[in-house]
Amino acid sequence: MNYLKKLSIVLAIAFSFQNCENEERNVEVNEPQGITSPTNLEGESANYTVSQFGQNSYWASWIVDVNTTNRLKSYHNNSANLFALGNVPIYFAAGPGTYNALSYGPPNNYIVWGQELLQAAKNYGNAAIAYVAAHEMGHQVQFRNYGIPSSNNVSALELEADGFSGYALYKTYSTNWNSVASAYSFAQAIAGASGSSHGSAPQRRSAFRLGWWMAQTYGTFTPAQLDQYFFYYYNQYVLGGLLKQEVAKPKGITPELDNFILSKIDELTKINNGEISEEEFSNLESK
Ligand SMILES: [Zn+2]
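Position numbers for residues start from 1 in each chain and track the written sequence from start to end. A pLDDT threshold of at least 70 governs which residues receive local features in this predicted model, and a stricter bar of 80 or more applies before side-chain atom pairs are shown or counted, although totals over entire chains, interfaces and linings include all residues. Derived side-chain values reflect all non-hydrogen atoms in the structure, with water molecules and hydrogen atoms excluded from consideration.

The chain carries the name Metalloprotease in an unreviewed UniProt entry, which gives Polaribacter butkevichii as its organism.

(A) Expanded view of the sheet that holds strand S1 (residues 58-60). One open sheet accounts for four strands, arranged S1-S2-S4-S3; its pairing is mixed. Among the strands making up the open sheet, the edge pair consists of S1 and strand S3 (101-103). Shown here is a sheet whose adjacent strand axes are inclined to one another by a mean of 30 degrees, direction ignored. Two strands pair when backbone bridges link them, and S1 and strand S2 (residues 90-94) are joined in this way by three bridges, in the antiparallel orientation. Across the sheet, Trp59 pairs through a bridge with Ala93, a residue of S2. Note on contacts: a residue pair qualifies if any of its non-hydrogen atoms lie within 4.5 Å across the two residues. Note on definitions: angles span 0 to 180 degrees between N-to-C directions of axes, and those axes are lines fitted to C-alpha atoms, for helices only across the stretch in contact. Strands are runs of DSSP state E lasting at least two residues, helices are runs of H or I lasting at least four, and both sets are numbered from the N terminus onward. Along the sheet, helix H3 (residues 115-124) contacts S2, S3 and strand S4 (111-114); its crossing angle with S4, the most-contacted strand, is approximately 70 degrees. Strands are labelled as partners when DSSP assigns at least two bridges between them.

(B) Spotlight on unusual backbone geometry. The amide bond that connects Pro106 to the next residue, Pro107, takes the cis arrangement and shows omega of 5 degrees. Residue placement: Pro107 occurs in the loop between S3 and S4. Put simply, Ile148 and Pro149 share a cis peptide bond, and its omega is 5 degrees. Following the sequence through the fold, Pro149 ends up in the loop between helix H4 (126-144) and helix H5 (156-172). Look at Val64: it is not a glycine, yet its phi comes out positive at around 70 degrees.

(C) Here's a closer look at the environment of Ser61. Structurally, the position occupied by Ser61 is in the loop between S1 and helix H2 (66-82). Only protein chains enter the accessibility calculation, which uses a 1.4 Å probe. A residue is then buried if its area is under 20% of the maximum for its type, exposed if over 50%, and partly exposed in between. Taking the relative accessible area as the measure of exposure, Ser61 reaches 18% and is therefore buried. Separated by 32 residues in sequence, Ser61 and Ala93 place their C-alpha atoms 8.5 Å apart.

Dropping the structure here:
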């Protein structure tokens, strides 16, 4: 066999192998500009990074299955609309080593979802998918709005993203607490593994619950209002009350909003200090 013939056979095998693997998945693959493989992703943002993307991961137009990807996209878009962000690009990484969902800051401002994470979330239920989608969108709110988060709490980024997701789930997914609270355990489980500054589990639960209550007050908050009001209540009342004497109440907080949230502080404090256990948390009231 001459060299050219050998080479053409090798190429054909390589091509058919690639074809086989990518055939259905990668028709018109959607990939971030200039990034040929998920393993080439870089960036300061590392939300929910359990590990690096695997060496054999690749960009895909859908992950898990088309319906699940479409459901994820609709949760993603619902959150983007709620937070007035317009179009937020979303990309999908498939293959081994994709137990990740990442939110990227400027200049990229996109979100990348890994197949293995979406599969795990799907196994948990749709609310888990909606939760992670809203949490990652919460980081886009932070990336795209100067001065958010306004708190310098060590876990401000993550706790606020949880608060925003509690808010978003009530507004766009379900007003039934039981259907979202259990999904929240999924989020806690994956974040814990990363060892990053997501805050303690009770801190995160109370942040999520505060966002849930804020969603029930009135209208729709702007991102700046959400941020200010969230930290006003969270830092001052939920986190031990250390700042109680020093923080001025944001001007936009109406007496109705204030009275409503203050009526929930006792519960929020008990979530935060562990008096309300994770199991009890799942069974709290919706309204
Ligand atoms: Zn995060």
